[in-house]
Amino acid sequence: MKVVIIGCGNMGMAFANSFIQYNLVQKADLLLVEKNQERGVQLQEQKSGIVVDTISSKISQADLIILSVKPQDYPAVSFDLKSYIKKSQVVLSIMAGIPIAQIQTSLSHDLVIRAMPNTPALLGMGMTAFAAAEQVGLADIRKVENLINSTGRAVFLEDEKLLDAVTGLSGSGPAYFFYLIKSMIDAGVAMGFDPAMSSLLVKQTMLGSYHLMQTSDKTLDELIQAVASKGGTTEAALRVFQEKFVGEGLQQGIYAARDRAVELAK
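From a predicted model like this one, the values you see are computed outputs, not experimental measurements.

Let's talk about the overall build of the protein chain
Assigned secondary structure in the protein chain consists of 11 helices and eight strands. Relative to its full complement of 266 residues, the protein chain shows a buried share of 39%. When contacts within the protein chain are restricted to residue pairs at least 6 apart in sequence, those whose partners lie at least 24 apart make up 61%. Carbon and sulfur atoms provide 57% of the accessible area of the protein chain, an area that totals close to 15600 Å². Side-chain charges of the protein chain comprise 24 positive and 26 negative groups, with the mean position of each set lying 3 Å from the other.

Notes on the packing of aromatic side chains
We describe a pair of aromatic rings using the distance from one ring centre to the other and the angle between the two ring planes. Under the counting rule described, the total for this entry stands at three aromatic pairs. Plain terms: the ring middles of Phe15 and Phe19 are 5.9 Å apart, the flat faces sit at 85° to each other, and that makes the pair edge-to-face. Residue Phe15 and its partner Phe19 are located together in helix α1 (residues 10–21), separated by four residues, close to a single helical turn.

A few points about the confidence of the model for the protein chain
Low pLDDT means the predicted atomic positions in that stretch should not be read closely. Summarising the model, the protein chain shows a mean pLDDT of 94, and 100% of its residues fall at 70 or more. At the level of individual helices and strands, the protein chain shows its lowest average pLDDT in helix α2 (residues 37–46), which scores 88, and its highest in strand β5 (residues 90–93), which scores 98.

Describing the packing of helix α6 (residues 162–171) against helix α11 (residues 246–264)
Put simply, α6 and α11 touch, their axes get as near as 7 Å, and they point 135° apart. By the criterion of interaxial angle, the relationship of α6 to α11 is oblique. Where α6 crosses over α11, the two elements pack in a sense that is right-handed. Contact residues: α6 offers Asp164, Ala165, Thr167, Gly168 and Leu169, while α11 offers Ile254, Ala257, Arg258, Ala261 and Val262. Split into classes, the residues belonging to the contact of α6 with α11 amount to six nonpolar, two polar and two charged.

Quick word on a nonpolar patch on the surface
On the surface, Met191, Phe193, Met197, Leu200 and Leu201 cluster together into a nonpolar patch covering about 510 Å² of accessible area. With respect to the element layout, Leu201 can be found in helix α8 (residues 195–215).

Regarding the sheet that holds strand β8 (residues 152–156)
Two strands in a sheet stick together by hydrogen bonds in their backbones, pointing the same way (parallel) or opposite ways (antiparallel). Taken in spatial order, the eight strands make up an open sheet running β3-β2-β1-β4-β5-β6-β7-β8, and their pairing is mixed. Strands at the two margins of the open sheet, each flanked by one partner only, are β3 (50–52) and β8. Each strand axis lies, on average, 20° off the axis of its neighbour in the sheet, ignoring direction. Pairing between strand β7 (residues 126–132) and β8: five bridges, direction parallel. What sits directly across from Ala129, in β8, is Val155. Here helix α5 (residues 138–149) sits on the sheet in contact with β4 (64–67), β5, β6 (112–116), β7 and β8, set at roughly 150° to β8.

What counts and what doesn't
Residues numbered from 1 in each chain as written. Predicted model: local features only at pLDDT ≥ 70, side-chain atom pairs only at ≥ 80, totals over all residues. Heavy atoms only, no water. Helix = DSSP H or I, 4+ residues; strand = E, 2+ residues; numbered from the N terminus. Buried < 20%, exposed > 50% of the residue type's maximum accessible area, 1.4 Å probe, protein only. Contact = heavy atoms within 4.5 Å. Areas by Shrake-Rupley, 256 points an atom, 1.4 Å probe, with all protein chains shown as cover. Lys, Arg positive; Asp, Glu negative; His and termini not counted. Charge placed at Lys NZ, Arg CZ, Asp CG, Glu CD. Phe/Tyr/Trp six-rings, centres within 6.5 Å; stacked < 30°, edge-to-face > 60°. pLDDT = per-residue confidence, 0-100. Axes fitted to C-alpha atoms, helices over the stretch in contact; angles between N-to-C directions. Parallel < 35°, antiparallel > 145°, perpendicular 65-115°, else oblique. Left-handed = near helix turned anticlockwise from the far one by under 90°. Nonpolar A, V, L, I, M, F, W, Y, C, P; charged D, E, K, R; others polar. Patch = residues over 30% accessible without salt bridge, like charges linked within 9 Å, V, L, I, M, F, W, Y side chains within 5 Å. Salt bridge = Lys/Arg side-chain N within 4 Å of Asp/Glu carboxyl O. Pairing = 2+ DSSP bridges.

Given below as structure tokens:
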């Protein structure tokens, strides 16, 4: 399979490296389009594929074109790309906010799939949801799903509108997780631990809690109650969280991320 990746930042290269790692795409069949000269030099040194700085007729040789540019850069990219794209090629967008119909119109092209990955894809542990235009056949959907699965896990959504919610929930989700962990580490430092010790206490607690959640047959509410004995320390903390509307604030933040994804498409 021949693949073009337009925009070779962290997420674009997470896909590229996973494809190579699992022998899904050969380096000779991977065309990396990166307009930033400094970044282009880095990619050439890494020898992750064939690196170019402009969109050209070379793109016409690919089976799949991955759009991994910032949404605000897409108009210029689409202007150049539409001159070289072929009807048989599948376009996979991992740009936030821009809907399938808009990509189809801007490229005058039907075969478009839209996906929303997250940064753990850098480690092959990402979560990606994707949706496809009705013109995309099942065989092409399965091929793209197989590629995405190399970066972690993939889930297909029949309703494309849910991708904006995915953006708010799992696309931006790692940042929420890091934010909570940082707050806990900062609290540890404020209580007298040095940063390294506080970090160890919090990170191992998070790691163990994740595995406990994954292996337990209890609900999250039951797991919370198993720690929060009546009148104890955990209950005191949870009471403050409720008073400060921590859970509600987190949910409102997720909704705000979703709404911003919608705005980016306008």
